[in-house]
Amino acid sequence: MTPRLNLIGLAVADMSRSLSFYRQLGFEIPAEADSEPHVEVTLPGGLRLAWDTTEMIASFDPSWTPPTGTARASLAFLCDSPAEVDAMYDKLTEAGYTGHLKPWDAFWGQRYATLLDPDGNGVDLFAPLG
């Protein structure tokens, strides 16, 4: 059997703040999850996205330390239109989240923007132009 990508995990400092950010992107996560050390959702197609508090990770991997510097990975979200890229970017930055790259028309034919989630992970928004 060949291994299959099944879960993407994010280490978070503040579960409630992180889940609030991802709820703004449309994830249906129950409010009671805010106080849990591990939360996961199953996406269409079966891929799972999970959040673990830094304390949870340290509980099973005592050598783990939070990364420093800029993120090496990002999550990219397809939007329905270039206008939705702009609207979602505005919604999240107005809610107090950090915008990294304001929406622009990329040379590869997409409207693109990048935000940072509460833990500094890159979150890209994109939609085809035209």
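The structure contained in this document is the topic of the report that follows.

Calculation criteria
Residues numbered from 1 in each chain as written. Predicted model: local features only at pLDDT ≥ 70, side-chain atom pairs only at ≥ 80, totals over all residues. Heavy atoms only, no water. Salt bridge = Lys/Arg side-chain N within 4 Å of Asp/Glu carboxyl O. Helix = DSSP H or I, 4+ residues; strand = E, 2+ residues; numbered from the N terminus. Buried < 20%, exposed > 50% of the residue type's maximum accessible area, 1.4 Å probe, protein only. Pairing = 2+ DSSP bridges. Axes fitted to C-alpha atoms, helices over the stretch in contact; angles between N-to-C directions. Contact = heavy atoms within 4.5 Å. Phe/Tyr/Trp six-rings, centres within 6.5 Å; stacked < 30°, edge-to-face > 60°.

1. Concerning the pattern of salt bridges
Consideration 1: As enumerated under the stated definition, the model contains four salt bridges in all.
Consideration 2: The residue D86 makes a salt bridge to R111 at a minimum N-O spacing of 2.8 Å. Placement of the pair is D86 in helix α3 (residues 82-94) and R111 in strand β6 (residues 110-116), with a sequence separation of 25 residues.
Consideration 3: Exposure remark for D86: the relative accessible area of 23% places this residue in the partly exposed category.
Consideration 4: According to the relative accessible area criterion, R111 is buried, its value standing at 16%.
Consideration 5: Between R111 and D105 there is a salt bridge, with the nearest N and O atoms lying 3.0 Å from each other.
Consideration 6: Its relative accessible area of 49% is what places D105 among the partly exposed residues.

2. A closer look at the sheet that holds strand β5 (residues 98-105)
Strand pairing in a sheet takes place through backbone hydrogen bonds and is either antiparallel or parallel in direction.
Consideration 1: Pairing is mixed across the open sheet formed by four strands, whose spatial order is β4-β7-β6-β5. Looking along the sheet, the strands with just one partner apiece sit at the ends: β4 (74-78) and β5. Each adjacent strand pair in this sheet contributes to an overall mean axis angle of 15 degrees, direction not counted.
Consideration 2: The pairing of β6 with strand β7 (residues 122-128) spans seven bridges and is classified as antiparallel. Opposite Q110, over in β7, you have P128 as the bridge partner.
Consideration 3: Against the sheet, α3 engages β5, β6 and β7, with an angle of about 15 degrees to β6.

3. Notes on the packing of aromatic side chains
The relative placement of two aromatic rings is captured by the distance of their centres and the angle of their planes.
Consideration 1: Applying the stated rule across the entire model yields eleven aromatic pairs.
Consideration 2: On the numbers, 5.9 Å between centres and 20 degrees between planes, the contact of Y112 with F126 is stacked. Here Y112 is found in strand β6, whereas its partner F126 is found in strand β7, with 14 residues between them in sequence. The residues Y112 and F126 share a single accessibility class, namely buried.
Consideration 3: Here the aromatic residues F21, Y22, F27, W51, F77 and Y97 are joined through ring pairs into a cluster of three or more.

4. Let's talk about the sheet that holds strand β3 (residues 48-53)
Consideration 1: Strand order in the open sheet formed by three strands is β1-β3-β2, and the pairing between neighbours is mixed. Each having just a single partner strand, β1 (7-12) and β2 (38-42) make up the two edges of the open sheet. Sheet twist, expressed as the mean angle between neighbouring strand axes with direction ignored, is 15 degrees.
Consideration 2: With five bridges connecting them, β2 and β3 associate as antiparallel partners.

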